[in-house]
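Take a look at the letters that make up each chain.
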Amino acid sequence: WSTLVLSQLHLCAALWGDSAQQVIPYTGPIPGGLHPGEIIIIQGTVPPDADSFQVDLSSGCSTKPRSDVAFHLRPCFDDSPSVVCNSLLQESWGEKETLHQLPYKRGAPFETIILVHKDGFKVAVNGTHLLEYKHRVCPNVVDTFSISGGVRVHAIGYIPNSAIYSESGDLSVPYKGSILKGLSPGQHITIRGQVSLYPHSFTINLCNSKTENIALHLNPRMKSSVFIRNSYLDESWGQEERELLYFPFSSGEYFEILLLCQSHQFKLAVNGSHLFEFRHRVQDLSSIDQLEIMGDLELIDVKLW
Ligand SMILES: *[C@@H]1O[C@H](CO)[C@@H](O)[C@H](O)[C@H]1NC(C)=O
Ligand SMILES: *[C@@H]1O[C@H](CO)[C@@H](O)[C@H](O)[C@H]1NC(C)=O
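Residues numbered from 1 in each chain as written. Chains lettered and ligands numbered in written order. Predicted model: local features only at pLDDT ≥ 70, side-chain atom pairs only at ≥ 80, totals over all residues. Heavy atoms only, no water.

So, on to the overall build of the protein. Regarding its fold elements, the protein presents 1 helix and 24 strands. Counting across all 305 residues of the protein, residues that qualify as buried make up 49%. Counted over contacts in the protein with a minimum sequence separation of 6, partners at least 24 positions apart contribute 62%. Carbon and sulfur atoms make up 51% of the accessible area of the protein, which totals about 14800 Å². (Helix = DSSP H or I, 4+ residues; strand = E, 2+ residues; numbered from the N terminus. Buried < 20%, exposed > 50% of the residue type's maximum accessible area, 1.4 Å probe, protein only. Contact = heavy atoms within 4.5 Å. Areas by Shrake-Rupley, 256 points an atom, 1.4 Å probe, with all protein chains shown as cover.)

See the structure below:
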């Protein structure tokens, strides 16, 4: 997984600071809390005389009483090199999880990635998986990152909704993906897939996970070559939009849908050719936090960027 994450990272540079060296101890905010699929990246160097350093993911930054720490990660360079993980809840430490293995070296640079998973945090160092720490508290409450001790930090990055987070963890259909912080103007969704061999239709819905509302319903119907766009709000379907220059899909064929969210409309292209616009019927774009895809197709890739 760490190679996959790294390749995503090189696309994103949502770094907290600039690439200038950070002052240690460093504390930074994680607005909105951590969610599955999100990533924290730390690039630094261990000074030659370091004893240990620590990374804390906590809920709040109070020192008295000390905020809960959902994940405490501490590489120790003393006589028995190890990595210690723990959580601090209501000012008391839980049971330590110690890994007697140390991928960090005194005097050497490193790149650490912390990936938030549904069940726990996964840590990789220099592209290699190191450990997994099961959640003791829900990661949503984590709103503060800090790093302190024997370490020099070159860059720290927090990558929010790095992707649509699929609930099943794969691209099986019906597909349901969470858009962690909802849509916003300027975002693109790409859907790559292949229409089934004997298709009837397929459906792509951009919707709200808490209500039944569908802000954008896309439904290409193969036999009639009709491509329906609509919304479903407050338990009723809106006015269908059907005008089309040409019908882009055919059975068994590979396609690439690009959906661009603008401030007043969606724009859709298939295989690089513009097909139509759809004026927003839901004005609060951030409430659009789920993507559903179902019907007669196979998915190859779904991305949000
Ligand atoms: C991590 O990778 C960097 C760059 O490839 C290398 O210089 C460094 O020695 C590695 N660090 C460790 C602890 O293996
Ligand atoms: C999309 O492009 C691919 C090649 O890049 C082609 O094989 C496919 O038939 C095209 N699909 C549509 C729907 O135009």
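Glancing now at the nonpolar core. Membership of the largest hydrophobic core comes to 35 residues, with the highest contact counts inside it found for L183, L206 and F249. Sorting the residues of this core by element identifies β15 (188–195), β16 (202–207), β17 (214–221), β20 (254–261), β21 (265–270), β22 (273–279), β23 (290–295) and β24 (297–304) as the ones contributing at least two each. In this structure F249 touches V195, F202, P220, M222, F227, F255, I257 and V270, once residues within four positions along its chain are discounted. Residues I42, L57, L131 and Y133 belong to the second largest nonpolar core, which totals 33 residues. (Core = buried A, V, L, I, M, F, W, Y, C linked by side-chain atoms within 4.5 Å.)

Here the focus is the site of ligand 1. Around ligand 1, the structure places P103, Y104, K105, P109 and N126. K105 is positioned such that a nitrogen or oxygen atom in its side chain is 3.5 Å from an oxygen atom of ligand 1. (Near = heavy atom within 4 Å. Polar contact = N/O pair within 3.5 Å; in protein donor to acceptor, adjacent residues only side chain to side chain.)

Around ligand 2, the neighbouring residues are P248, E253, Y254 and N271. E253 places a side-chain nitrogen or oxygen 2.8 Å from an oxygen atom of ligand 2. Alone, ligand 2 offers 360 Å² of accessible surface; in the complex the protein occludes 54% of this. For the shell around ligand 2, a count of residues per class yields 2 nonpolar, 1 polar and 1 charged. (Nonpolar A, V, L, I, M, F, W, Y, C, P; charged D, E, K, R; others polar.)

A word on the pattern of salt bridges. Applying the stated rule across the entire model yields 8 salt bridges. A salt bridge links R136 to E97; its shortest N-O distance comes to 3.0 Å. Taken together, the residues R136 in the loop between β10 (128–134) and β11 (144–149) and E97 in strand β7 (residues 97–99) connect sequence positions 39 residues apart. For E97, a relative accessible area of 33% gives the class partly exposed. Among the ionic pairs, K303 bridges to D301, the shortest N-O distance being 3.1 Å. A residue is classified by how much of its surface remains accessible, and K303, at 37% relative accessible area, is partly exposed. Sharing partners across several salt bridges, the network here consists of R192, D301 and K303. (Salt bridge = Lys/Arg side-chain N within 4 Å of Asp/Glu carboxyl O.)

With respect to topology, 5 strands assemble into an open sheet ordered β10-β9-β8-β2-β12, the strand pairing being antiparallel. Of all strands in the sheet, those bounded by a partner on one side alone are β10 and β12 (152–159). Pairwise comparison of adjacent strand axes, ignoring direction, gives a mean angle of 15° for this sheet. Strand direction decides the pairing type here: strand β2 (residues 39–45) and strand β8 (residues 109–116), joined by 7 bridges, are antiparallel. (Pairing = 2+ DSSP bridges. Axes fitted to C-alpha atoms, helices over the stretch in contact; angles between N-to-C directions.)

As a further point, take the sheet that holds β24. The strand order β22-β21-β20-β15-β24 describes an open sheet built from 5 strands, whose pairing is antiparallel. Each edge of the open sheet carries a strand with a single partner, namely β22 and β24. Put simply, the sheet's adjacent strands are angled 20° from each other on average, direction ignored. Sheet analysis places β20 next to β21, joined by 5 bridges and oriented antiparallel. Within the sheet, the bridge partner assigned to L259 lies in β21 and is L268.

Among the secondary structure elements, H35 is positioned in the loop between β1 (26–29) and β2. H35 sits in the buried class, given a relative accessible area of 16%. Non-local contacts of H35, meaning those with residues more than four positions away in its chain, are made with V116, N140, L180 and K181.

Note on placement: I39 falls in strand β2. On the basis of relative accessible area, I39 is assigned to the buried category, the value being 1%. On a C-alpha basis, the gap between I39 and I159 in space is 5.1 Å, while along the polypeptide they are 120 residues apart.

Pairing of β21 with β22, which is carried by 6 bridges, proceeds in the antiparallel orientation. The residue bridging K267 from the neighbouring strand is E277, located in β22. Between β21 and β22, which pair antiparallel one after the other, the connecting turn spans 2 residues, and N271 there sits at a positive phi close to 50°.

Pairing geometry for strand β9 (residues 120–125) and β10, over 6 bridges, is antiparallel. Bridging from a neighbouring strand, F121 pairs with Y133 of β10. Joining the antiparallel neighbours β9 and β10 is a turn of 2 residues, in which N126 adopts a positive phi near 50°.

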